[in-house]
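For reference, the chains in residue letters:
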Amino acid sequence: MKDVKVLGTGCSKCRSTIQLIEEVARERGAEIRLEKVQEIQEIARHGVMSTPGVVIDGQVVHSGGVPSRAKVEGWF
Amino acid sequence: MRARQRAGPLGPYAGLLCALLLWLAAYRNLASLSEALLGLLPVTRGTHFASALQFFFYDTPKVLLLLTGVVFVMGMVNSYFTPERTRSLLAGRREGLANVAAASLGIVTPFCSCSAVPLFIGFVQAGVPLGVTFSFLIAAPMVNEVALALLLGLFGWRIALLYLALGLTVAIAAGWIIGRLRMERYLEDWVRDMPRSAAAADESAVPLPERIHAGVAAVRDIVGRVWPYVVAGIAIGAGIHGYVPEEFMAGLMGRDAWWSVPLAVLIGVPMYTNAAGIIPIVEALLAKGAALGTALAFMMSVIALSLPEVVILRKVLKPRLIATFITVVASGILLVGYVFNAVL
């Protein structure tokens, strides 16, 4: 079970990121717990400066835009 | 303009060359293209309707081509300036020259207004002075590639350059003043109390094909998003060209009406729209006799300041600092408007 957080203040890019992660995880049969983090303080705590950012098991793996599909596939 | 996106199988360089040649060929034949399109339609030349149509057929492909070109180049340039790298360039610098650097970096660093607050925190946390951070935050949305491409397409390079210079000046001066006012204590407490972090930047080199890919991605994203605004805006502009009498706006927004600049800024500040939506309207205003300074002040205040932005910034700034920020930036824009009307 992977703990995935998507950091972002709710813009359209954040929604596309969440969709993409759900889609890829389903295709690959990876078990994930997806969480949307919109609280600014929480985002700042992860040190992410440009949203959307993605955190997996406490590690920032991506920031600054919708990740490419290939990149997301690499995570699961 | 879709050529760039199909360039994949040819390899990045051959694809780029093909796209460039296609772009040049299209750009050089805009006039004959619009003539040919008009000829296909059953309209009588010389009527209001025909002149509006011709304006539309000429301006739309021209602006879209310029937008695609500029966004592609900026997409590549952006890949050299990540927010992290910009932050490490600015961290710990003294105010003054750093304001100039921050405003200039605001143009080339990729920036999305929804990231403004995390970016603000990241800068302050890494020791970028408050006034320098503001110079960046003012320049980044105001002087952007969409605004510049549209100004270039509709008004020519002189006005585009002028807008660039004035936008930078407002950002540099406003940030410098906010820095002088020593307003660090008007940051929200939790922001001030956050632990300092080092400004580390990932310095790994990005290969050129990947940068070309970044340019293509920017075109797909930005042009794909703003083209309906551009087309709608030019259509409105074309209608006004054809029908509204000349000098209609001269009384309201002309050079002789001293109150027109503050009024334009007052109306523009709470408004929120992107550059693509506002510039065609500005063009129409200008064509009908509005003064250039007034129109530019209106445009700057719409793009640089907005109600939603203030609501977001309120999460990290206390009301007094927000009020100072708005006052300083709006005054700068006001000054730009007056100077322009007086000089030109």
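For every chain, the first residue of the written sequence is number 1, and numbering continues from 1 onward in sequence order. Throughout, the order in which chains and ligands are written sets their labels, letters from A for the former and numbers from 1 for the latter. A pLDDT threshold of at least 70 governs which residues receive local features in this predicted model, and a stricter bar of 80 or more applies before side-chain atom pairs are shown or counted, although totals over entire chains, interfaces and linings include all residues.

Digging into the overall build of chain B
Operational definition: Helix and strand assignments come from DSSP, with helices taken as H or I runs of at least 4 residues and strands as E runs of at least 2, each series counted from the N terminus. Radius of gyration means the value over C-alpha atoms here, while the globule rule gives 2.2 Å times the residue count to the 0.38 power. Buried, partly exposed and exposed are defined by the number of other C-beta atoms within 10 Å of a residue's own C-beta, namely 20 or more, between the two limits, and 12 or fewer respectively, with C-beta atoms placed from the backbone. We call two residues in contact whenever the C-beta atoms placed from their backbones are within 7 Å.
Each helix and strand counted, chain B has 17 helices and zero strands in total. At 22 Å, chain B has a C-alpha radius of gyration in line with the 20 Å of a compact globule built from 344 residues. Taken over the C-alpha atoms alone, chain B extends approximately 70 × 60 × 30 Å along its principal axes. Looking at chain B residue by residue over its 344 residues, the buried ones come to 46%. Here the contacts in chain B between residues at least 6 apart in sequence split such that 86% fall between residues at least 24 apart.

Observations regarding the overall build of chain A
Counting secondary structure elements, chain A contains three helices and four strands. The secondary structure elements of chain A, listed N-terminal to C-terminal, are β-α-β-α-β-β-α. With the principal axes as the frame, chain A shows a C-alpha extent of 30 × 25 × 15 Å. Looking at chain A as a whole, 36% of its 76 residues qualify as buried. Within chain A, counting contacts between residues at least 6 apart in sequence, those at least 24 apart form 64% of the total.

As for the packing of helix α8 (residues 145–155) of chain B against helix α9 (residues 157–180) of chain B
Residue and element names in this part refer to chain B. Note the threshold: All axes are obtained by fitting lines to C-alpha atoms, using only the stretch in contact for helices, and the reported angles, taken between N-to-C directions, cover 0 to 180 degrees. Should an angle fall under 35 degrees it is called roughly parallel, over 145 degrees roughly antiparallel, and 65 to 115 degrees roughly perpendicular, with every other angle called oblique. Handedness of a helix crossing follows the sense of rotation of the near helix relative to the far helix, less than a right angle counterclockwise being left-handed and clockwise being right-handed.
At a minimum axis distance of 7 Å, the contact between α8 and α9 shows a crossing angle of 150°. The angle between α8 and α9 places the two elements in the roughly antiparallel class. Of the two possible hands of crossing, α8 and α9 adopt the one that is right-handed. Residues A147, L148, L151, L152 and F155 of α8 form the contact with α9, whose participating residues are W157, I159, A160, Y163 and L164.

Concerning the interface of chain A and chain B
Using the following cut-off: Classification used: nonpolar for Ala, Val, Leu, Ile, Met, Phe, Trp, Tyr, Cys and Pro, charged for Asp, Glu, Lys and Arg, polar for all others including Gly.
Each side of the interface is counted separately: chain A has 12 residues, and chain B has 15 residues. Class assignment for the residues of the side of chain A that touches chain B results in six nonpolar, six polar and no charged.

What to know about the nonpolar core
Most often, soluble globular proteins have nonpolar side chains that are buried together. All names here are of chain B. For clarity, the cut-off: Each nonpolar core comprises buried Ala, Val, Leu, Ile, Met, Phe, Trp, Tyr and Cys residues, the members being joined through C-beta atoms within 7 Å.
One finds L67 and L150 to be the most contacted residues of the largest nonpolar core, which totals 120 residues. No other element matches the 12 residues that helix α11 (residues 208–243) contributes to this core. Not counting chain neighbours up to four residues away, the residues in contact with L67 comprise V146, A149, L150, V223 and V230.

Examining α8 of chain B
Residue and element names in this part refer to chain B. The buried fraction of α8 is high, at 10 of 11 residues. For α8, the set of buried residues is E145, V146, A147, L148, A149, L150, L151, L152, G153 and L154. G156 sits one or two residues past α8 and shows a positive phi near 95°.

Examining the sheet that holds strand β3 (residues 53–56) of chain A
All names here are of chain A. Put simply, the test is: Any two strands between which DSSP finds at least two bridges are classified as paired.
A sheet is described by the order of its strands in space; here four strands give the open sequence β2-β1-β3-β4, paired in mixed fashion. On the outer flanks of this sheet lie β2 (32–37) and β4 (59–63), each paired with one strand and no other. Across the sheet, the axes of successive neighbouring strands diverge by a mean angle of 20°, strand direction being ignored. Bridge count between strand β1 (residues 2–7) and β3: four bridges; the pairing is antiparallel.

Topic: the pairing of β3 of chain A
Note that β3 of chain A and β4 of chain A share four bridges and pair antiparallel. Bridge pairing in β4 of chain A links V54 of chain A to H62 of chain A.

Details of the environment of L307 of chain B
Tracing the sequence through the fold places L307 of chain B in helix α16 (residues 307–313). As a C-alpha pair, L307 of chain B and M271 of chain B span 36 residues in sequence and 6.9 Å in three-dimensional space.

Some details on the packing of helix α15 (residues 292–304) of chain B against helix α17 (residues 319–343) of chain B
All names here are of chain B. At a minimum axis distance of 7 Å, the contact between α15 and α17 shows a crossing angle of 160°. When the axis of α15 is compared with that of α17, the two are roughly antiparallel. The way α15 lies across α17 gives a crossing that is right-handed. Along the contact surface, α15 presents L292, G293, T294, L296, A297, M300, S301 and A304, while α17 presents V329, A330, I333, L334, V336, G337, Y338, V339, F340 and N341. Looking at the contact of α15 with α17 residue by residue, the class counts come to 13 nonpolar, five polar and no charged.

Some points on helix α13 (residues 260–268) of chain B
What counts here: Each C-beta atom gives one direction from the helix axis, and the arc is the one those directions make.
Buried residues of α13 of chain B: S260, V261, A264, V265 and G268 of chain B, and no others. Taken down its axis, α13 of chain B places every buried residue within 135° of arc, on the same side.

Some thoughts on the confidence of the model for chain B
Residues and elements named next belong to chain B. So the rule is basically this: What pLDDT reports is the predictor's confidence in each residue, on a scale of 0 through 100.
Looking at chain B as a whole, the pLDDT averages 83, with 90% of positions reaching at least 70. Summarising per-element confidence for chain B, the mean pLDDT is lowest in helix α12 (residues 250–253) (64) and highest in helix α5 (residues 97–108) (93). Overall, residues 1–8 carries pLDDT values under 50, and its contacts beyond four positions in sequence, including any with other chains, amount to 17 contacts. Complex prediction metrics read pTM 0.83 and ipTM 0.81.

Thoughts on the confidence of the model for chain A
Per-residue confidence for chain A averages 85 on the pLDDT scale, and 100% of its residues sit at or above 70. Mean pLDDT values for the elements of chain A range from 83 in helix α2 (residues 40–45) of chain A up to 90 in β3 of chain A.

What to know about unusual backbone geometry
Phi is mostly negative for residues that are not glycine, and the peptide bonds are mostly trans. Each neighbour pair has its own omega, and for T51 of chain A with P52 of chain A the value is -5°, a cis peptide bond. Here P52 of chain A lies in the loop between α2 and β3. Positive phi outside glycine occurs at D57 of chain A, with the angle close to 45°. Tracing the chain through its elements places D57 of chain A in the loop between β3 and β4. Among the residues examined, D57 of chain A registers 10 C-beta atoms within 10 Å and is labelled exposed. Phi angles above zero are rare outside glycine, and R182 of chain B is one such case at about 50°.

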